[in-house]
Amino acid sequence: MLNRRHIRIKVMQSIYAMHQHESDDLGKEERFLFQSIENMQDLYLLMLSALMEIRAKEEEYLEVSSKKHLATKEERNPNKKFIQNAVLLSLSNSEVINEAIEEHKISNWKQNDDVILFLLEAIKESTVYQRYMSKPVGTFKDEKYFIADLFSEVIAPNEKLYDYLEDNKLTWLDDLPLVNTFVLKQIKGFKSENETFRFSNLYKDEDDRDFVKNLFRKTVLNEVELSKEYIDKTPNWDADRIAELDTIILKMAICELLKFPSIPVKVTINEYLEIAKEYSTPKSSIFINGILDNLVKDFQKENKLAKAGRGLL
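(A) Examining helix α11 (residues 172-188) more closely. Given a rise of 1.5 Å per residue, 17 residues ought to cover 24 Å, and the 23 Å separating the end C-alpha atoms of α11 matches this to within 8%. Along α11, the sharpest change in direction is near 25° and occurs at Leu178. Judged by how many residues are buried, α11 sits mostly within the fold: twelve of 17 residues are covered. Buried residues of α11: Trp172, Leu173, Asp175, Leu176, Leu178, Val179, Asn180, Phe182, Val183, Leu184, Gln186 and Ile187, and no others. Those residues of α11 that are buried are in contact with α1 (4-20), α2 (26-66), α4 (86-92), α9 (140-155) and α10 (159-168).

(B) Structural view of the side chain of Ser92. Position of Ser92 among the secondary structure elements: in helix α4. Residue classification places Ser92 among the buried positions, given a relative accessible area of 17%. For Ser92, the residues in contact, after removing those within four places along its chain, are Met52, Arg55 and Asn98.

(C) Examining unusual backbone geometry more closely. Even without glycine at this site, Glu22 takes up a positive phi of about 50°. Residue position: Glu22 is located in the loop between α1 and α2. Residue class for Glu22 comes out exposed when judged on its relative accessible area of 72%.

(D) Here's a closer look at the packing of aromatic side chains. Applying the stated criterion across every chain, the model contains nine aromatic pairs. A ring pair is formed by Tyr44 and Phe182, whose centres lie 5.8 Å apart and whose planes are at 70°; its orientation type is edge-to-face. One end of the pair, Tyr44, is in helix α2; the other, Phe182, is in helix α11, with 138 residues separating them in the sequence. Geometrically, the ring pair formed by Phe82 and Phe146 is edge-to-face, given 6.2 Å between the ring centres and 85° between the ring planes. With Phe82 in the loop between α3 (73-76) and α4 and Phe146 in helix α9, this pair connects stretches of sequence that are 64 residues apart. Assigned by exposure class, Phe82 and Phe146 land together as buried. Among the aromatic residues, those joined into a cluster by ring pairs are Phe82, Tyr129, Tyr132 and Phe146. Over the ring of Phe211 we find Arg4; its NZ or CZ atom is 4.2 Å from the centre of that ring. Taking the ring centre of Phe260 as reference, the NZ or CZ of Lys218 above it sits at 4.8 Å.

(E) Representation of the nonpolar core in the model. Counting residues in hydrophobic clusters, the biggest one holds 99 residues, and the most contacted among them are Val11, Met47, Phe82, Phe151, Leu165 and Leu292. If one sorts the elements of this core by residue count, α2 sits on top with 15 residues. Not counting residues up to four positions away in its chain, the partners in contact with Met47 are Phe151, Leu161, Leu165, Leu176, Val179, Asn180 and Val183.

(F) Just a negative patch on the surface, in detail. A grouping of Glu95, Glu99, Glu102 and Glu103 is seen on the molecular surface, where their side chains present a negatively charged patch. Residue position: Glu103 is located in helix α5 (residues 95-103).

(G) The arrangement of α10 in detail. Of all the residues in α10, the buried ones are Leu161, Tyr164 and Leu165. Down the axis of α10, the buried set is contained in an arc of 95°. They therefore lie on one face. The exposed residues of α10 that point more than 90 degrees off its buried face are Glu159 and Asp167. Summarising the contacts, the buried residues of α10 are in contact with α2, α6 (108-111), α7 (113-125), α9 and α11. Sitting at the head of α10, Asn158 places a side-chain oxygen 3.0 Å from the backbone nitrogen of Lys160.

Cut-offs applied
- Residues numbered from 1 in each chain as written.
- Predicted model: local features only at pLDDT ≥ 70, side-chain atom pairs only at ≥ 80, totals over all residues.
- Heavy atoms only, no water.
- Helix = DSSP H or I, 4+ residues; strand = E, 2+ residues; numbered from the N terminus.
- Expected span 1.5 Å × (residues − 1).
- Bend = angle between axes of the 7 residues up to and from the residue.
- Buried < 20%, exposed > 50% of the residue type's maximum accessible area, 1.4 Å probe, protein only.
- Contact = heavy atoms within 4.5 Å.
- Phe/Tyr/Trp six-rings, centres within 6.5 Å; stacked < 30°, edge-to-face > 60°.
- Lys NZ or Arg CZ within 6 Å of the ring centre and 35° of its normal.
- Core = buried A, V, L, I, M, F, W, Y, C linked by side-chain atoms within 4.5 Å.
- Patch = residues over 30% accessible without salt bridge, like charges linked within 9 Å, V, L, I, M, F, W, Y side chains within 5 Å.
- Areas by Shrake-Rupley, 256 points an atom, 1.4 Å probe, with all protein chains shown as cover.
- Salt bridge = Lys/Arg side-chain N within 4 Å of Asp/Glu carboxyl O.
- Lys, Arg positive; Asp, Glu negative; His and termini not counted.
- Charge placed at Lys NZ, Arg CZ, Asp CG, Glu CD.
- Arc of directions from axis to C-beta.
- Polar contact = N/O pair within 3.5 Å; in protein donor to acceptor, adjacent residues only side chain to side chain.

Structural data, given as structure tokens:
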């Protein structure tokens, strides 16, 4: 689920927080970094459980309505197409997902069912839902893409859900686009109604977990050395005038260039330019690109770029 760019963003944010708190406790800050990353898995399970709880609430509502003393004909024989959707059933019946939710103690919606009820109301008012409910049961592909559209167009962008997540854990807002994209990919990746909804690991492999630790440690422990590499390359800029986030991005990029032999130069530069565009000032990416471009030329002349493998320069 976690990609390398998001790892870089998490490391950048942790180093920035470390500077703001004037902390020199590397162990403590590293633990905080890993905890903030692991919180992504909770967010992933929370978004899946929202789908499950929405279905459960609607099933409960239909059951209660059908037993009313003066129930209408429609209430006695409700349209159960939504609660019988193959993808929602597969998700709700997934032992792996249910065990993970229990293990991670994801009980947010049990305690805040007003958010689920609000989402359910928004769903029923949406054209996506109304169009789906007005048609007879279709193919599994129809069932799957209805849930995908419902998630991307109604649930994920919902402001009340967004506000709840922001109030619960501020770091989740940066993680939300990645988590939502992954959930959507999982939904669209379903092949048949007999397929079991799988639980995704946080890291692709152990190398990615090591990358978190190594990038954080090598940048923090070598900050003075790394800053010396670019100070002389900014003659028109007083060091104090460079945005702090830009200095962190530069140090991380230089650290990758010099201390991560398996990562191609172009990958490093492109990744940090995209991060600068998203998180720093409007002109930061141009500024950073100019410095890194000159540094790479100098490193190549000085044989400092010890990249392993063909095509990594």
